[in-house]
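# Results of the structural survey
Single-letter residue listing:
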Amino acid sequence: MGSTVSANSPHDEHAVEALRQLVRIPTISRPASGPGPRTDIAPFEQVIAALPALFPRVHESLELERIGDDDGTGLALVYRWAGREPAGARAPTVLMAHYDVVPATDDGWEHPPFAADIVGAGDEAVLWGRGTLDDKGCVVAILSAVERLLEAGFTPRHDVLLSFGNDEEVFGSGARSIVAVLRERGIRPALVLDEGGAIVRDVFPGVDGDYAVVGVTEKGITTLRLRVDEQGGHAASPPPFAATERLARAILRLNRRPSTARLGSTTRTMIRTLGSRARQPLRTVFGAVDLLAPLLTRVFVSRGAETAALTRTTRAVTQLRAGHAHNALAEFAEATLNMRIAPWSSVEQAVDEVRHAISDEQVQIEVIEASEPSPVSPDHGPAWDDLVAAIRAVHPDLLVTPYVMMQASDSRWFTAISDHVYRFAPFRMSGEERACLHAKNERMHVRAFLDGIEVYRSLLERR
């Protein structure tokens, strides 16, 4: 594979190489409990050790604090860039990202997940690897933007905090620790920006070209364990309804009884905003979203997984476990159910819906972890306006809309200390690229990455 990329400046070349270096370090986070291996801390320390050489001005000018452990060896990182006005220390801008990634092996990848291969040249150059989009691309883009501003002699008006989580992929205890520290210090950020939406196309029906979707809220995340216990026995004399069959029936019942679909207020705003540029007659239809909500709900459900997920709490069985031998009946059968809770719902309501859909007292339902949907941040005012202006400084006339983020991010913890929390990774992402998140062949266009640096830079210049 080619080892260089055509870039606009030495700064661009350095940023790309910095991202490649971090992608090559397998910072895989794993659950702290349950079956399977635990997180290997060594790669995380390797990333932390590499950052000062990659971003020397950042480490000369900003204060770095490691958060998470009492002895100062925590893996969650907070950089403080002091602003010109002392009062701004209590209402800083927070730029967030995380540097852990989900597991990956070479199996099924066109290019090894931790090789950081670049294919193509110029605007067609693509960087392959786990973490390019989720979320080391944001880490490096943020640090590169700050590095360039420092070189130019820029100082923000108010404090800027860079918050980099170490375990976002396994429920984000690092980000929670950062929030706890900031809350104890009486800090209420004026703007928080984390990963989430992106610059996309071909998601919303009838709208041509690119548009930016910025998460103003995000779904809650809840993981349930469904379990059936039985006596077991020899496979030669199976009962009419064993543990595996009972669990399978429960899963099928859930599939047949999805959560009720509706269009929430944020999704209606998105429909009106994007609909203003839709082709006719859809422009008229989307403009009447409040009147035609039942019809549009059905359209969104039928159009595909991405739009359907905007309309309801979703459920996905992500793990199945049963049995201990090929010739013995399973003494237990277990399923892990991952739910994303719609903003108008709650964990309690979602669990009750699962219990009602399964309707079988022999299927045990246990809540493993849970977080409620996030409050809705405003799509107007100084924080929102600065973000929109920064996006359009790099992508003129781009349509920007609020939306409901369907995944869960570290930013959900920051809603406890800020009313202006937004989720947007400033990169162009095709549908094919978005489908590679948490999957094989994760990759991003180098041009998209470099444009993202400029969006962060433009935002910081406004703060």
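Residues numbered from 1 in each chain as written. Predicted model: local features only at pLDDT ≥ 70, side-chain atom pairs only at ≥ 80, totals over all residues. Heavy atoms only, no water.

## Observations regarding the sheet that holds strand S14 (residues 364–371)
Basically, it comes down to this: Whether two strands pair depends on DSSP finding at least two bridges between them. Each helix corresponds to a stretch of at least 4 residues labelled H or I by DSSP, and each strand to a stretch of at least 2 residues labelled E; elements are numbered beginning at the N terminus. Only the contacting stretch of a helix is used when fitting its axis, a line to C-alpha atoms as for every element, and angles between N-to-C directions run 0 to 180 degrees. Contact definition: two residues touch when any of their heavy atoms are within 4.5 Å.
In spatial order, the strands read S11-S13-S9-S14; together these four strands make up an open sheet with antiparallel pairing. The strands lining the two open edges of the sheet, one partner per strand, are strand S11 (314–322) and S14. The mean inter-strand angle of the sheet, taken between neighbouring strand axes irrespective of direction, is 20 degrees. Lying on the sheet, helix H6 (residues 243–256) is in contact with strand S9 (220–229), S11 and strand S13 (332–341); it crosses S13 at an angle near 15 degrees. Helix-sheet contacts for helix H11 (residues 347–358) involve S9, S11, S13 and S14, and the interaxial angle to S14 is about 155 degrees.

## Some words on the state of the cysteines
What counts here: Cysteine sulfur atoms that pair up within 2.5 Å are treated as a disulfide.
Within the structure shown, the criterion is met by zero disulfides. Free cysteine cysteine 436: the closest other cysteine sulfur is in cysteine 138, separated by 17 Å.

## Details of the pattern of salt bridges
Side-chain pairs of opposite charge can arise where the charged atoms are in close proximity. What counts, and what does not: In the sections that follow, a salt bridge refers to a side-chain nitrogen of Lys or Arg positioned within 4 Å of a carboxyl oxygen of Asp or Glu. Think of it in three bands: residues with accessible area under 20% of the maximum for their type are buried, residues over 50% are exposed, and the middle band is partly exposed, with areas taken using a 1.4 Å probe on protein chains only.
Across all of its chains, the model carries 31 salt bridges by this definition. Here glutamate 334 makes a salt bridge to arginine 227, at a shortest N to O gap of 2.5 Å. Of the two residues, glutamate 334 is situated in strand S13 and arginine 227 in strand S9; the sequence distance between them amounts to 107 residues. With relative accessibility at 24%, the residue arginine 227 sits in the partly exposed group.

## Describing unusual backbone geometry
A cis amide bond links aspartate 134 with the next residue in sequence, aspartate 135, at an omega value of 10 degrees. With respect to the element layout, aspartate 135 can be found in the loop between strand S5 (126–128) and helix H4 (136–151). Cis peptide bonds are those with omega within 30 degrees of zero, and the linkage from glutamine 280 to proline 281 qualifies with 5 degrees. Within the fold, proline 281 resides in the loop between helix H7 (265–275) and helix H8 (282–287). Unlike most non-glycine residues, serine 359 shows phi in positive territory, near 50 degrees. By the secondary structure assignment, serine 359 is in the loop between H11 and S14. The class of serine 359 is exposed, set by a relative accessible area of 55%. With a phi angle near 65 degrees, asparagine 441 is a residue other than glycine that sits in the positive phi range. Within the secondary structure, asparagine 441 is located in the loop between helix H14 (431–434) and strand S17 (443–445).

## Thoughts on the pairing of strand S6 (residues 160–165)
Burial of S6 is extensive: six of the six residues sit out of reach of the surface. Across five bridges, the pairing between strand S2 (residues 76–81) and S6 is antiparallel. Considered in S6, the bridge of tryptophan 81 is made with valine 160. Pairing analysis gives six bridges linking strand S3 (residues 93–98) to S6, with the strands arranged parallel. Across the sheet, valine 94 pairs through a bridge with leucine 161, a residue of S6.

## Overview of the packing of helix H1 (residues 10–23) against helix H2 (residues 42–54)
Our working definition: An angle below 35 degrees is read as roughly parallel, one above 145 as roughly antiparallel, one from 65 to 115 as roughly perpendicular, and any other as oblique. Three categories are distinguished: nonpolar for Ala, Val, Leu, Ile, Met, Phe, Trp, Tyr, Cys and Pro, charged for Asp, Glu, Lys and Arg, and polar for the others, with Gly belonging to the last.
Where H1 contacts H2, the two axes come as close as 11 Å, and the packing angle between them is 170 degrees. Our classification of the angle between H1 and H2 gives roughly antiparallel. Judged by residue contacts, His14, Ala18, Gln21 and Leu22 of H1 engage Val47, Ala50, Leu51 and Leu54 from H2. Partitioned by chemical class, the residues of the contact of H1 with H2 number six nonpolar, two polar and no charged.

## Things to note about the side chain of arginine 463
Our working rule: Two N or O atoms form a polar contact when they lie within 3.5 Å of each other; inside protein one atom must be a possible hydrogen donor and the other a possible acceptor, and for residues adjacent in sequence the pair counts only when both atoms belong to side chains.
Of note, arginine 463 is situated in the segment after helix H15 (446–461). Looking at arginine 463, the relative accessible area reads 12%, which means it is buried. Within polar-contact distance, the side chain of arginine 463 engages the side chain of aspartate 386 at 2.6 Å. Setting aside chain neighbours within four positions, we find arginine 463 in contact with Thr93, Pro156, Arg157, His158, Ala190, Leu191, Pro382, Ala383 and Asp386.

## Quick notes on the side chain of glutamate 195
Here is the rule we go by: Counting rule for charge: Lys and Arg are taken as positive, Asp and Glu as negative, and neither His nor the chain ends is counted.
Tracing the backbone through its elements, the reader meets glutamate 195 in strand S7 (residues 191–200). One buried charged residue, glutamate 195, remains without a salt bridge, the closest side chain of opposite sign being arginine 412 at 8.1 Å.

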